[in-house]
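Analysis of the macromolecular model
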Amino acid sequence: MEVLEVLPVRQMFAIFEKQMIVVAEWLIQQPDFRLLDATERWQFFKCVWNMWRRFERFEMSVKMFGMKTVNEKKFAISNEQVINVGFHIDFTEITDIPNEKVQQMFRDSMVKLFHEVAKPLFELRPSSVEMAYMLTQMSWQVAGKQMQGKVVEIGERVCDEMANNLHSYYLKEEMRSNYAGRLVRLMSVVNAVKKIHMERRKNNGVGENFRSF
C-alpha cells in the first residue's frame, strides 16, 4: 500500500466518491431501504454515508494493522493507501484558512475515534455478521433520528430483526449462549461512533464546510 504523508483535498474527495458507491451498494441491497421513496433514500444516504465509511475504514485498519492502528495511528484511508503519524490533508485548493487551523477542528474527534472505536474493535475483533449488525444499527438509528416518521418505524423493525438474527448466529454458529457482555461492548462502539459523528456535525462556524472529514 502507498504510504501518504500529505493528501491534497481533491484527491481525498476522489477517495470519498469511491467509498460513497460502496455505501450506496450496501444500502440498496437491503429490502427495507428499498421501501423508501427516492427522496427518502437520498436523505437517508446523506445522513449515514460518512459515518458508515469512517467506521468501516477503522474496522479494516484494525484487521490489517492490529494495535498499530491505535499506537501508530496507522489507518487504511482506502484499499490502496495508508496514513500514520505525521499525515495531514492539504486544504489549500479549497480554502485560504491555514491547514493547521482546519486540522485542529477535527483533531479531538480523530483522537476519540482511535481510542473509543479502533481500540475496542481490536479487542473485540467483530465477525462479518457482527459488523453487519453494527452498521445496520447505527445507520437506521442515525437516519431515524434525523428523518423521523416512516424511517423510525422501519428502523425499529429492522433493528429487531437484526437482533433476532444475531441471537441465532451466536447460538448456532458461535455456540455462545452467554453473549450479553459482548453485545454490550459492541453496542458501546456503535454509540461511540454515533456520538462522535453527531459532535462533528455540530461543529459550528467554518467547520460546517468540512463535515466530511
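Residues numbered from 1 in each chain as written. Predicted model: local features only at pLDDT ≥ 70, side-chain atom pairs only at ≥ 80, totals over all residues. Heavy atoms only, no water.

**Some thoughts on unusual backbone geometry**
Even without being glycine, Lys73 reaches a positive phi, approximately 55°. Mapped onto the fold, Lys73 is located in the loop between α3 (68–71) and β2 (75–76). Classification of Lys73 by relative accessible area gives partly exposed; the value is 25%. With phi around 60°, Gln148 is a residue other than glycine that occupies positive phi space. Note that Gln148 resides in the loop between α5 (128–147) and α6 (150–173). (Helix = DSSP H or I, 4+ residues; strand = E, 2+ residues; numbered from the N terminus. Buried < 20%, exposed > 50% of the residue type's maximum accessible area, 1.4 Å probe, protein only.)

**Overview of the packing of helix α1 (residues 9–28) against helix α2 (residues 38–65)**
One can describe the packing of α1 onto α2 by two numbers: an axis separation of 9 Å at closest approach and a directional angle of 115°. The orientation of α1 with respect to α2, classified from their angle, is roughly perpendicular. Relative to α2, the crossing made by α1 is right-handed. Judged by residue contacts, Phe16, Gln19, Met20, Val22, Val23, Ala24, Trp26, Leu27 and Ile28 of α1 engage Arg41, Phe44, Phe45, Val48, Trp49, Trp52, Arg53 and Arg57 from α2. Across the contact of α1 with α2, the residue classes tally to 13 nonpolar, one polar and three charged. (Axes fitted to C-alpha atoms, helices over the stretch in contact; angles between N-to-C directions. Parallel < 35°, antiparallel > 145°, perpendicular 65-115°, else oblique. Left-handed = near helix turned anticlockwise from the far one by under 90°. Contact = heavy atoms within 4.5 Å. Nonpolar A, V, L, I, M, F, W, Y, C, P; charged D, E, K, R; others polar.)

**Focus: the confidence of the model for the protein chain**
In regions of low pLDDT, the predicted coordinates are not meant to be interpreted in detail. Looking at the protein chain, pLDDT values average 88 and 95% of them are 70 or higher. Note on residues 204–211: pLDDT under 50 across the span, and 15 contacts to partners over four residues away in sequence or across chains. (pLDDT = per-residue confidence, 0-100.)

**Describing the nonpolar core**
Within the largest apolar cluster, 59 residues are counted, with the highest numbers of intra-cluster contacts made by Phe44, Phe55, Ile77, Val117, Met134 and Trp140. Looking at this core, the elements that each hand over two or more residues are β1 (2–8), α1, α2, β3 (81–90), α4 (99–124), α5, α6 and α7 (180–201). Counting residues per element, this core draws most heavily on α2, at 10 residues. Non-local contacts of Phe44, meaning those with residues more than four positions away in its chain, are made with Leu27, Phe33, Leu36, Ser139, Trp140, Ala143, Met147 and Val151. (Core = buried A, V, L, I, M, F, W, Y, C linked by side-chain atoms within 4.5 Å.)

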